[in-house]
Amino acid sequence: MANEISSNFETVPSRGQWASHLGFILAAAGSAIGLGNIWKFPYITGEYGGGAFVLVYLICVVIVGLPLMIAEIMIGRRAQKNPVGAFQELHHKSSPWQLTGWLGVASGFLILSFYSVVAGWAIAYIFKSIVGFTGSPEQIQNQFVELVVSPYDSILWHSIFMFLCIAIVIGGVQRGIERWSKILMPALFVILVGLMFYGLFFTHGGMQALEFLFKPDFSKLSAEAALSALGHAFFTLSLGMGAMITYGSYMKKSDNILKNAVIVSFLDTIIALMAGTAIFSLVFHYGMEPGQSVGLIFKTLPVLFKETGPGISVPFFILLSFAALTSGISLLEVVVSYFIDIRGWSRTKATILLGSAIYLFGLLSAISSITLPFRGKDQGIFDILDFVTTNYMLPVGGLLTCLFTAWVFKRKAKIDEFGSEGFLYRVFDIIIKVVTPIAVIMILLHGLELLPFMDYGK
Ligand code: PHE
């Protein structure tokens with residue numbers, strides 16, 4: 001059957017398709033919506049000072065993220081290959097563009113290694129919620145610190161998450177994930193709407209939260225903040241590493257790429273903004289600090305959950321873990337599909353070997369006490385990996401994909417995939433040739449403090 005790619009994917013991948021029109025949207029939204037939206041977006045927004053960061057991020061979603069999502073899906077559906085094979089297929093076997101695919105495979109490997117640690121915390125919090133949160137706000141917040149500094153706990157939960165990813169990717173993505181996404185993603189949405197309304201109307205922090213998120217103060221926008229806003233647009237939309245190339249390769253020819261990309265980007269953005277509103281309402285209500293780094297949601301939400309009881313907190317952390325899982329498997333799928341397609345490994349072998357390698361590498365992030373000097377201070381492996389992959393590897397991968405689409409991908413094939421040659425195609429063509437690459441290059445240079453016309457105070 002066409003939609004059961006997993007079962008006959010063993011050696012020669014016969015490419016399947018998503019079961020329904022909704023299939024791509026669900027899987028791609030499943031990949032995009034994850035810890036990036038609910039954990040990372042609020043905490044980096046808190047760290048980089050709010051509104052101005054959010055504005056740059058939103059601009060990046062529109063002028064960089066959306067066009068690149070369209071481009072990646074077009075490449076995948078045209079080539080019907082994994083990210084490395086796709087560039088070979090659309091150019092030639094020894095094409096240097098395949099480096100873009102390799103960079104993507106490497107990014108997937110590194111991102112999943114630390115992503116799994118955070119996803120593990122989310123699973124741990126399901127159990128903490130069942131037991132219930134008690135004590136003063138400080139005591140509740142300290143639970144997170146204890147979890148992170150205990151290497152055994154972090155490793156245990158990291159192991160469980162990686163095990164789940166491996167089990168699902170071996171079994172095949174469509175039947176499990178496509179089916180569960182249909183129930184769980186809408187449930188996550190409903191809970192988030194509830195939390196957002198609670199924050200806005202039942203706490204004293206609602207207005208302050210909206211101001212913090214949407215009133216830009218450009219004096220707070222450092223070069224690093226702008227670079228992180230760009231990186232986050234890539235991270236949250238799962239771009240720059242071939243996840244959308246892989247998922248696009250399973251998309252039906254009759255599906256409209258532009259429409260699907262708009263829906264996925266919109267859902268992803270709205271969920272991040274809702275999570276941000278809910279969390280900052282609480283932060284301001286309790287007079288906490290917005291810049292609490294990686295612990296933000298694990299420290300603030302439980303203070304509220306003490307009031308609401310496990311009826312809300314247990315579903316919330318289950319759904320958060322699920323959102324992380326649908327993203328985690330897409331990261332693993334990119335790495336695995338390369339070894340299946342190009343190296344001819346069986347799906348089972350590729351998934352177990354690579355999943356284990358990622359797991360072992362992830363131990364370095366799980367043990368937060370290992371630090372290295374980086375950008376002028378001692379930082380944990382976790383933070384270094386997050387910074388380098390998100391802010392450099394994904395944008396560079398995205399830039400290469402953009403240049404490929406603009407100048408190498410054949411025009412006729414592009415028009416065929418886009419579905420028309422009309423006004424919208426011409427707009428897309430100009431954006432992908434001019435606007436997106438210039439924006440990415442400028443922000444990358446700015447992040448390195450290399451833009452000639454800026455004053456970096458040196
Ligand atoms: N987009 C996912 C999130 O926001 C993370 C991810 C990045 C998934 C890159 C796949 C590829 O959580």
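Above this text sits the structure in question.
Residues numbered from 1 in each chain as written. Predicted model: local features only at pLDDT ≥ 70, side-chain atom pairs only at ≥ 80, totals over all residues. Heavy atoms only, no water.

## So, a nonpolar patch on the surface
Spelled out, the test is: Like charges within 9 Å and nonpolar side chains (Val, Leu, Ile, Met, Phe, Trp, Tyr) within 5 Å are joined into patches, using only residues over 30% in relative accessible area that form no salt bridge. Throughout, the Shrake-Rupley method with a 1.4 Å probe supplies accessible areas, and for residues the shown protein chains are the sole cover considered. We define a salt bridge as a contact between a side-chain nitrogen of Lys or Arg and a carboxyl oxygen of Asp or Glu at a distance within 4 Å. Secondary structure elements follow DSSP: runs of H or I no shorter than four residues count as helices, runs of E no shorter than two count as strands, and numbering proceeds from the N terminus. Note on classification: 1.4 Å probe, protein chains only; a residue is buried when its accessible area is under 20% of the maximum for its type, exposed when over 50%, partly exposed between these limits.
Side chains of Ile430, Val434, Val435, Ile438, Met442, Phe453 and Met454 sit close together on the surface and give an oily, nonpolar patch of about 630 Å² of accessible area. Position of Val434 relative to the elements: it lies in helix 18 (residues 423-447). A relative accessible area of 40% means that Val434 is categorised as partly exposed.

## Some points on the environment of Leu444
One can find Leu444 in helix 18. On the basis of relative accessible area, Leu444 is assigned to the buried category, the value being 10%. In this structure the C-alpha to C-alpha distance between Leu444 and Pro395, which are 49 residues apart in sequence, comes to 7.8 Å.

## What about the layout of surface pockets?
What counts, and what does not: The way it works is a 1 Å grid over only the protein atoms, where trapped points that fit a 1.4 Å probe form a cavity and open points with protein on both sides within 12 Å along at least five of seven lines form a pocket, and then any residue with an atom within 4 Å of a point lines it. Grid points are joined across faces, edges and corners, and a volume is the space filled by probe spheres set on the points. Any residue that is not Ala, Val, Leu, Ile, Met, Phe, Trp, Tyr, Cys, Pro, Asp, Glu, Lys or Arg is counted as polar, Gly included; the first ten are nonpolar and the last four charged.
Each pocket or cavity is described by its volume, and for the largest pocket that value is around 380 Å³. Surrounding the largest pocket, 17 residues form its lining, Tyr43, Glu47, Tyr48, Glu224 and Phe387 being those nearest its centre. Mapped onto the lining of the largest pocket, the elements with two or more residues apiece are helix 2 (35-47), helix 10 (223-236), strand 2 (377-380) and helix 16 (381-407). Top contributing element to the lining of the largest pocket by residue count: helix 16, with five residues. Each residue belonging to the lining of the largest pocket can be placed in one class, and the counts come to four nonpolar, six polar and seven charged. Counted as a void, the second largest pocket has a volume near 320 Å³. In this structure, the second largest pocket is lined by 14 residues; those nearest its centre are Val56, Ala226, Met442, Ile443 and His446. At the level of elements, helix 3 (51-79) and helix 18 are the ones that each hand at least two residues to the lining of the second largest pocket. For the lining of the second largest pocket, the per-class residue count stands at 13 nonpolar, one polar and no charged.

## Notes on empty space enclosed by the protein
The final tally for this structure, using the stated rule, is two cavities of 30 Å³ or more. Approximately 140 Å³ is the volume found for the largest cavity. The wall of the largest cavity is formed by 17 residues, among which Ser31, Tyr115, Phe235, Ser238 and Leu331 lie closest to the centre. Sort the elements by how many residues they give to the lining of the largest cavity and helix 14 (residues 310-341) lands first, with three residues. When the residues that make up the lining of the largest cavity are grouped by side-chain class, the tally is ten nonpolar, seven polar and no charged. In this structure, the second largest cavity occupies an estimated 60 Å³ of space. What lines the second largest cavity is Glu72, Pro83, Phe87, Thr100, Gly101, Gly104, Gly240, Met241, Gly242, Ile245 and Thr401. Among the elements of the structure, helix 4 (83-90) and helix 5 (98-131) are those that each provide at least two residues to the lining of the second largest cavity. Considering every element that reaches the lining of the second largest cavity, the biggest residue donor is helix 5, with three residues. A class-by-class count of the residues in the lining of the second largest cavity yields four nonpolar, six polar and one charged.

## Topic: the pairing of strand 2
The following threshold applies: When DSSP locates at least two bridges between a pair of strands, those strands are taken to pair.
Of the strand pairs in this sheet, strand 1 (residues 371-374) and strand 2 are connected by four bridges, and their pairing is antiparallel. Opposite Phe374, over in strand 2, you have Lys377 as the bridge partner. Adjacent in sequence and paired antiparallel, strand 1 and strand 2 are bridged by two residues, among which Arg375 carries a positive phi angle near 50°.

## Brief notes about the nonpolar core
What counts here: To define a nonpolar core, start from buried Ala, Val, Leu, Ile, Met, Phe, Trp, Tyr and Cys residues and group those joined through side-chain atoms within 4.5 Å. Should any heavy atoms of two residues lie within 4.5 Å, those residues are considered in contact.
With 157 residues, the main nonpolar core has Ile38, Trp39, Trp121, Phe298 and Phe316 as its most contacted residues. Top element by residues in this core is helix 14. It accounts for 18 residues. In contact with Ile38, not counting residues within four places along its chain, are Leu188, Leu192, Ile271, Ala275, Ile279, Ile297, Phe316 and Leu320.

## Looking at helix 3
The condition that has to hold: Expected span of a helix: the number of residues minus one, times 1.5 Å. A residue's bend is given by the angle between axes fitted to the 7 residues ending at it and the 7 residues starting at it.
Given a rise of 1.5 Å per residue, 29 residues ought to cover 42 Å, and the 40 Å separating the end C-alpha atoms of helix 3 matches this to within 8%. Val61 marks the point of greatest bend in helix 3, at about 40°. Among the 29 residues that make up helix 3, 22 are buried, leaving the element largely enclosed by the rest of the structure. Just past helix 3, the residue Gln80 takes up positive phi, approximately 55°.

## Quick word on the site of the ligand
As a reminder, the rule being used: The rule for a residue being near a molecule or strand is that one of its heavy atoms must lie within 4 Å of it. Pairs of N or O atoms are called polar contacts if they sit within 3.5 Å, as long as, within protein, a hydrogen donor faces a hydrogen acceptor (for residues adjacent in sequence, only side-chain-to-side-chain pairs). Throughout, a molecule is located in a cavity or pocket provided that more than half of its atoms lie within 2 Å of its grid points.
Around the ligand there are 14 residues in total, and Ala32, Gly36, Tyr115, Phe235 and Ser238 lie nearest to it. Backbone polar atom of Leu35 to an oxygen atom of the ligand: 3.1 Å apart, as the coordinates give it. Backbone polar atom of Gly36 to an oxygen atom of the ligand: 2.8 Å apart, as the coordinates give it. In isolation the ligand offers 320 Å² of accessible surface; the protein chains occlude 100% of this area. When atoms are counted within 2 Å of each cavity's grid points, the one that captures over half of the ligand is the largest cavity. Going through the elements one at a time, helix 1 (21-32), helix 2, helix 10 and helix 14 are the ones with two or more residues in the shell around the ligand. For the shell around the ligand, the residue count by class is six nonpolar, eight polar and no charged.

## Some points on the packing of aromatic side chains
Going by this rule: In this scheme Phe, Tyr and Trp rings, the latter by its six-membered ring, pair at centre separations within 6.5 Å, and the angle between planes marks the pair as stacked below 30 degrees, edge-to-face above 60, and tilted otherwise. When the NZ atom of lysine or the CZ atom of arginine is within 6 Å of a ring's centre and also within 35 degrees of its normal, the charge is said to sit over that ring.
Following the criterion strictly, the structure yields 33 aromatic pairs and no others. Taking the centre distance of 6.0 Å and the plane angle of 25° together, the rings of Tyr125 and Phe133 count as stacked. For the pair Phe404 and Phe409, a centre-to-centre distance of 6.3 Å together with 40° between the ring planes defines the contact as tilted. On the basis of relative accessibility, which here comes to 0%, the residue Phe404 falls in the buried class. On the basis of relative accessibility, which here comes to 4%, the residue Phe409 falls in the buried class. One aromatic cluster is present, built from ring pairs that chain together Trp39, Tyr43, Phe114, Trp121, Tyr125, Phe133, Phe144, Phe298, Phe305, Phe316, Phe317 and Phe382. Positioned above the aromatic ring of Phe235 is the side chain of Lys40, whose terminal nitrogen or guanidinium carbon lies 3.9 Å from the ring centre.

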